[in-house]
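Structural overview for review
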Amino acid sequence: MKRFIHIPKNAGTSIRSWVSPMDYNDTKEELPEYIKSIGMDKHLPHSKLKPNSMFDSQFAVVRNPWARMVSLYHDKQHPHTKTMSFLTFISHLDHFTYEDHWWCNPPHKCFAQQLDWISINSKPMIDVLPFNNLQENLEEYLGHQVFLEHKNSGHGFTNYKSFYNDYSKLKVAKHFAKDIEHFGFTFETEATRNIINGP
């Protein structure tokens, strides 16, 4: 069975039941107990896997970074958290560092490049599917029928573009420049380069 690298907010919760997802048993590093207890061990980058897990056949899904940030923003808007505007949320990009954040305690620590989830020393190591036409692409890739439910889908938002002004659009573009260049994202479109497309 294909092993799955679950990049947060990229439909991974819907995909996991159809594949063999990574968890803390696959990592070569000790995870904080609270990460295990809240189930965040499901988000493991390829570079943090044990050697025997690293050589399993793996794939990930990548998503338009502007759309993904809106989905992460909706994850922040829970009753037990302080309400903030989308612009304030995006401003946290300025304070993000990659050190010690690889296990992804969302949402602010989910600001890593998607490319970093699938790479070692900036070299992509696994297969990548685009977020659009996901069910068709996934069926073609796995070689069997799947039925993706919309789980954990951002609390019903539909148009990510309406959240942005020129400032926030540029801020996301600068922060995720590596992803945008490598996968060919534009503000309006999903990945067009370095991906596996379906039929």
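In this report, we go over the structure that sits alongside the text. (Residues numbered from 1 in each chain as written. Predicted model: local features only at pLDDT ≥ 70, side-chain atom pairs only at ≥ 80, totals over all residues. Heavy atoms only, no water.)

**Quick word on the sheet that holds strand 6 (residues 127-130)**
Spatially, 2-1-3-6 is the arrangement adopted by the 4 strands of the open sheet, whose pairing is parallel. Edge positions in the sheet fall to strand 2 (20-21) and strand 6, since each has one partner strand and no second. Relative to strand 3 (residues 58-62), strand 1 (residues 3-4) runs parallel, the two being bridged by 2 bridges. Among the inter-strand pairings, F4 is bridged to a residue of strand 3, identified as F59. The strands touched by helix 7 (residues 134-142) are strand 3 and strand 6; relative to strand 6, the strand with the most contacts, the crossing angle is about 150°. (Pairing = 2+ DSSP bridges. Helix = DSSP H or I, 4+ residues; strand = E, 2+ residues; numbered from the N terminus. Contact = heavy atoms within 4.5 Å. Axes fitted to C-alpha atoms, helices over the stretch in contact; angles between N-to-C directions.)

**Digging into the environment of V19**
Here V19 lies in the loop between helix 1 (12-15) and strand 2. Its relative accessible area of 6% is what places V19 among the buried residues. Taking the C-alpha atoms as reference points, V19 and F4, separated by 15 residues in sequence, lie 6.5 Å from one another. (Buried < 20%, exposed > 50% of the residue type's maximum accessible area, 1.4 Å probe, protein only.)

**A few points about the nonpolar core**
Membership of the largest hydrophobic core comes to 38 residues, with the highest contact counts inside it found for I118, Y164 and F183. Among the elements of the structure, strand 3, helix 4 (65-76), helix 5 (86-91), helix 6 (114-117) and helix 9 (177-183) are those that each provide at least two residues to this core. It is helix 4 that provides the largest number of residues to this core, a total of 6 residues. Discounting residues that sit within four places of it in the chain, I118 has contacts with I7, H46, A60, K123, P124, M125, I126, V128 and F183. With 12 residues, the next largest nonpolar core counts F4, I15, V61 and L148 among its residues. (Core = buried A, V, L, I, M, F, W, Y, C linked by side-chain atoms within 4.5 Å.)

Without other data, these values stay purely geometric and don't point to any function.
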